[in-house]
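Results of the structural survey
Listed below, chain by chain, are the residues.
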Amino acid sequence: MLSKRAHALKPSPTLAISAKEKALKAQGVDIAGFGAGEPDFDTPAHIKEAAIKAINEGFTKYTPVSGIDPLKDAIIEKFKRDNGLEYKREEIIVSCGGKHSLYNLFQALFDEGDEVLIPSPFWVSYPPMVELAGAKPVIIETEEADDYQITEKLLKKHITKHTKAIILNYPSNPVGSVFTLKNLEAIGKMAIEKGFYIISDEIYEKLIYDEYVHTSIASIDKAIKERTIICHGVSKTYSMTGWRIGFTAGPKEIIGAMSNIQSQSTSNPTSISQKAAIAALNGPQESIAMMLEQFKKRRDFLVSGFRSIEGVTCYNPKGAFYVFPNFKKVLGRRYIEKTIDTSAALTTLLLEEFHTAVVPGIEFGKEGYLRLSYATSMEVIEKGLERIKKAISALE
Ligand SMILES: *Cc1c(COP(=O)(O)O)cnc(C)c1O
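We now turn to the structure provided with this report.

Calculation criteria
Residues numbered from 1 in each chain as written. Predicted model: local features only at pLDDT ≥ 70, side-chain atom pairs only at ≥ 80, totals over all residues. Heavy atoms only, no water. Salt bridge = Lys/Arg side-chain N within 4 Å of Asp/Glu carboxyl O. Helix = DSSP H or I, 4+ residues; strand = E, 2+ residues; numbered from the N terminus. Buried < 20%, exposed > 50% of the residue type's maximum accessible area, 1.4 Å probe, protein only. Axes fitted to C-alpha atoms, helices over the stretch in contact; angles between N-to-C directions. Left-handed = near helix turned anticlockwise from the far one by under 90°. Contact = heavy atoms within 4.5 Å. Nonpolar A, V, L, I, M, F, W, Y, C, P; charged D, E, K, R; others polar. 1 Å grid on protein atoms, 1.4 Å probe; cavity = no way out; pocket = protein on both sides within 12 Å on 5 of 7 lines; lining within 4 Å. Points joined across faces, edges and corners; volume = space filled by probe spheres on them. Domains from an automatic or database assignment.

**Things to note about the pattern of salt bridges**
- This model, assessed by the stated rule, comprises 25 salt bridges.
- Among the salt bridges present, the one from Asp30 reaches Arg387, with a minimum N-O distance of 2.7 Å. A residue pair is termed long-range when its members are at least 10 positions apart, and Asp30 in the loop between helix H2 (13–26) and strand E1 (32–33) and Arg387 in helix H14 (residues 378–394) qualify at 357 residues.
- The class of Asp30 is partly exposed, set by a relative accessible area of 41%.
- Here the salt bridges share partners, and the residues they tie into one network are Lys78, Arg81, Asp82, Glu205 and Lys206.

Here is the structure:
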């Protein structure tokens, strides 16, 4: 028999949809895929070359569990350069992807009975990972009409004496929202006052548009920094999802505990990928601007496309590479015999009848929405949007 833990666990819905999309494509079906949460660009050449060099030089053995010093130094330099934050080596750990960073952190920090605040819409993996650590996810509903902000008032309603941490993700997946400085300050103040931690998932830091700038909550002041653990990685910024390198910066006791957990599970992240990550962080950064320019064009196209559909509204993302259009007014209509009344039903209809793969909003905690990744070509985006328009106009 399986453990209770394994029994209750669902596979990641976004990865499941990507798998379904790939399976249909393999059968020769022309799918417009918006499921994948990874940049469609190739990893920049100088990063690949650093990995090839590592292989040729025989850098193919175990490394220290928490990562090699030159990579930690590159990460320290990144935080100094980009965020004005000072860390020491013992305050940094490298893990096998940002997801692994978060997983180890939750294992190091949470106990049975702890409550963890998660603003909704949230990244699909937060609640199950919190539960795997024995703690209880407490969802804070944030709304499109409020720019998906968490205000002090909203936060106060959800804090109890069991609150251990809050998970912040900005720019966010699935919405692309960012918290205002004022609200970050309020969250920081509350964390100090009530004694909980701030887990700051800043994986989309560099993918930010228009006049918005990324401010890490840890950079507001020293007292907030002491309560903050930043989870980050190279996956999204450098189109390195397959390389599996994530990193965490925070108080040394927490980083040390994560390192112990890692030493009893995965050991070090891949030696070759660590060398590649050094090249990514220390090398030329032009690839980011190039990627961002493409993402912005696609975002603008999709947002105006969705806004032109009767009954559909669409939040304009400030960062990341997802749109989260609102279909609430359209749900409840019928397609032939079937009532399309949920985001999951709409997703199935789009995939099966209109060969377009999206993720239902409910997986991110919000019914009535769909999430589409625009980390795909303009050609797919144009085709997919046409198909969605057709599907919506076929509803009655
Ligand atoms: C993609 C993603 C991550 C981490 O991805 P890795 O590939 O594991 O580095 C973390 N948080 C969010 C919100 C993400 O979308």
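Now that the structure has been shown, we can carry on.
**Overview of the packing of helix H3 (residues 45–56) against helix H11 (residues 271–282)**
- Two elements in contact, H3 and H11, have axes separated by 8 Å at closest approach and are oriented at 145°. As H3 runs across H11, the sense of the crossing is right-handed. In this structure, H3 uses His46, Ile47, Ala50, Ala51, Ala54 and Ile55 to contact H11, whose residues at the interface are Ile272, Lys275, Ala276, Ala279 and Ala280.
- Residues belonging to the contact of H3 with H11 are distributed by class as follows: 9 nonpolar, 1 polar and 1 charged.

**Points about the layout of surface pockets**
- Of the pockets and cavities examined, the largest pocket occupies roughly 810 Å³.
- Looking at the lining of the largest pocket, the elements that each hand over two or more residues are H2, helix H5 (98–109) and strand E14 (370–373).
- Sort the elements by how many residues they give to the lining of the largest pocket and H2 lands first, with 6 residues.
- Partitioning the lining of the largest pocket into residue classes produces 14 nonpolar, 15 polar and 10 charged.
- Looking at which domains feed residues into the lining of the largest pocket, each of domain 1 (4–42 + 287–394) and domain 2 (59–282) supplies at least three.
- Computed from the structure, the second largest pocket encloses a volume of approximately 520 Å³.
- Along the wall of the second largest pocket there are 19 residues; nearest its centre are Leu9, Lys10, Pro128, Met129 and Leu132.
- Among the elements of the structure, helix H1 (4–8), H5 and helix H6 (126–132) are those that each provide at least two residues to the lining of the second largest pocket.
- If you tally residues by element for the lining of the second largest pocket, the top one is H6, at 5 residues.
- Partitioned by chemical class, the residues of the lining of the second largest pocket number 11 nonpolar, 2 polar and 6 charged.
- Here the lining of the second largest pocket spans two domains, and each of domain 1 (4–42 + 287–394) and domain 2 (59–282) adds at least three residues to it.

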